[in-house]
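Single-letter residue listing:
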Amino acid sequence: MAAKARRATVGEPRMATRDLSFETAAAAPRAATAAPAAIGVWLLGCAFMVLAMAVIGAITRLTESGLSIMEWAPLSGTLPPLSQAEWERLFALYQQIPEYREENAGMTLAEFRGIFWWEYIHRLWGRLIGLVFALPFLWFLLRGQIPRALLPHLLFAFCLGGLQGGLGWYMVASGFAELNDVSQYRLAAHLSLAVVIYGYLLWLAFTVLCAPRGAAAAPAGLARALTALLALIGLTLVSGAFVAGLNAGFTYNTFPLMDGDLVPEGYGLPGPWWQSLFEDVATVQFNHRLLAMVTLAGVCGLWLWARRLPLDPRQAQAIHLLGAMALLQVGLGISTLVLAVPIWLGAAHQAGALVLIGLALWALFLSRRSQAA
């Protein structure tokens, strides 16, 4: 009887992993899931590359380089122009669009090269992310090291990356015809999908790397509060994409007042109020300011509440880091506005938004994982 009991015990982990959810499977013993820590590190690296991509995109945007390449060539476009004739051909294409005629008429070929390189680096980095994701994925897959429950998540992440490439071109193409800039709607969609990919990769990495062993049970309300806060941070970030798309950061460069008023004159005008939310410079900037302050208040309130909760050291540290990053991000935003959007500050502000989302995800993950334990 004892021998049978021992055999049943030995067989249990293997049988259990067949029907486990992804999170439970990733938290199971390594021998049962065959998920090495290398997979988690790889996913973290991919997430960091997405963050860097968003920063490069911000610099591309602020240097007005995004429309400098008028062709979408996923394979042949990997190589930069290698001859004078090719440079002149690309420059001639750029001279056909409204941005050149209305803003950059008389630009020299040397000046064109200056804006070309940022867009080229942006696209090349996107291709590099695809390689860094695909090649290790195939390596782990061929070696049988990817848990069955993790595989569909990785395939889904790869599909999101392909969709992001197409959406990026769709965004850029909006500036070739009638506009002298890209559509703020498409810009917001492009950034939003980048954040979704970034957050998804982080969550997968957390799940692979972190087991619930020894975690203190977090109060149920903490996970709900962090989920709501994460949604608020995401909404604030999307509103910032509309600020960038309308170049709204170059006006009303005072804080907290806008031209001497707390609420700018003509808020919500002209046109339907719902359209002004996305197309009026004063309305868009005010809404971003308001959401940023509400987000900061929410983070501070959660931090004060969490101090009274019985959290383990990792959970408490995550909340502390989240609070500190929220303060830093608001400081970066105000500085960026008051100084009329220097490129380095604008890029730092974009990076700060993604770091803030990452920390909120980490805190949420810890709260949910401790409850599952």
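Quick caveat: nothing in here was measured; it's all calculated off a predicted structure.

### So, the overall build of the protein
Thinking step 1. The number of helices and strands found in the protein is 14 helices and zero strands.
Thinking step 2. The N-to-C order of helical and strand elements in the protein reads α-α-α-α-α-α-α-α-α-α-α-α-α-α.
Thinking step 3. Going through the 373 residues of the protein one by one, you find that 46% of them count as buried.
Thinking step 4. If you take every contact in the protein between residues at least 6 apart in sequence, the share linking residues at least 24 apart comes to 79%.
Thinking step 5. Summed over all atoms, the accessible surface of the protein reaches about 18,700 Å², with 69% contributed by carbon and sulfur.

### Side note on the environment of alanine 347
Thinking step 1. If you trace the backbone, alanine 347 turns up in helix α14 (residues 343-372).
Thinking step 2. Given a relative accessible area of 8%, alanine 347 falls into the buried group.
Thinking step 3. Alanine 347 sits 291 residues away from isoleucine 56 along the chain, and the two C-alpha atoms are 7.7 Å apart.

### Observations regarding the nonpolar core
Thinking step 1. Trp42, Leu43, Leu154 and Leu201 are the most contacted members of the largest nonpolar core, which totals 74 residues.
Thinking step 2. The element best represented in this core is α14, accounting for 14 residues.
Thinking step 3. Apart from residues no more than four positions distant in its own chain, leucine 43 is found in contact with Phe133, Leu154, Leu201, Leu204, Ala205 and Val208.
Thinking step 4. In terms of nonpolar packing, the next biggest core, distinct from the first, is built from 19 residues, Ile69, Trp87, Leu109 and Val182 among them.

### Comments concerning the packing of aromatic side chains
Thinking step 1. Overall, the coordinates contain 26 aromatic pairs when judged by the stated rule.
Thinking step 2. Consider the rings of tryptophan 42 and phenylalanine 140, whose centres lie 5.6 Å apart with planes at 50°: the pair is tilted. Taken together, the residues tryptophan 42 in helix α4 (residues 37-62) and phenylalanine 140 in helix α7 (residues 109-142) connect sequence positions 98 residues apart. Across the pair, exposure class does not vary: tryptophan 42 and phenylalanine 140 are buried alike.
Thinking step 3. Put simply, the rings of Trp87, Phe91, Tyr94, Tyr100, Phe112, Phe116, Trp117 and Tyr120 pair up and form one aromatic cluster.
Thinking step 4. A cation over a ring is seen here: arginine 186 above tyrosine 170, with NZ or CZ 3.7 Å from the ring centre.

### Some points on helix α13 (residues 313-338)
Thinking step 1. Over its 26 residues, α13 extends 38 Å from the first C-alpha to the last, a length consistent with the 38 Å expected when each residue adds 1.5 Å.
Thinking step 2. Once α13 finishes, alanine 340 follows within two positions and takes phi at roughly 60°, a positive value.

### Points about the packing of helix α9 (residues 184-209) against helix α10 (residues 220-245)
Thinking step 1. Viewed as axis vectors pointing N to C, α9 and α10 meet at an angle of 140°, and their least axial separation amounts to 8 Å. Between α9 and α10, the angle falls in the class oblique. Crossing of α9 over α10 shows right-handed handedness. Note on element contacts: α10 touches α9 through Leu237, Val238, Ala241, Phe242, Ala244 and Gly245, opposite Gln184, Tyr185, Leu187, Ala188, Leu191, Ser192 and Val195.
Thinking step 2. Here the residues of the contact of α9 with α10 are counted per class, giving ten nonpolar, three polar and no charged.

The rules we used
- Residues numbered from 1 in each chain as written.
- Predicted model: local features only at pLDDT ≥ 70, side-chain atom pairs only at ≥ 80, totals over all residues.
- Heavy atoms only, no water.
- Helix = DSSP H or I, 4+ residues; strand = E, 2+ residues; numbered from the N terminus.
- Buried < 20%, exposed > 50% of the residue type's maximum accessible area, 1.4 Å probe, protein only.
- Contact = heavy atoms within 4.5 Å.
- Areas by Shrake-Rupley, 256 points an atom, 1.4 Å probe, with all protein chains shown as cover.
- Core = buried A, V, L, I, M, F, W, Y, C linked by side-chain atoms within 4.5 Å.
- Phe/Tyr/Trp six-rings, centres within 6.5 Å; stacked < 30°, edge-to-face > 60°.
- Lys NZ or Arg CZ within 6 Å of the ring centre and 35° of its normal.
- Expected span 1.5 Å × (residues − 1).
- Axes fitted to C-alpha atoms, helices over the stretch in contact; angles between N-to-C directions.
- Parallel < 35°, antiparallel > 145°, perpendicular 65-115°, else oblique.
- Left-handed = near helix turned anticlockwise from the far one by under 90°.
- Nonpolar A, V, L, I, M, F, W, Y, C, P; charged D, E, K, R; others polar.

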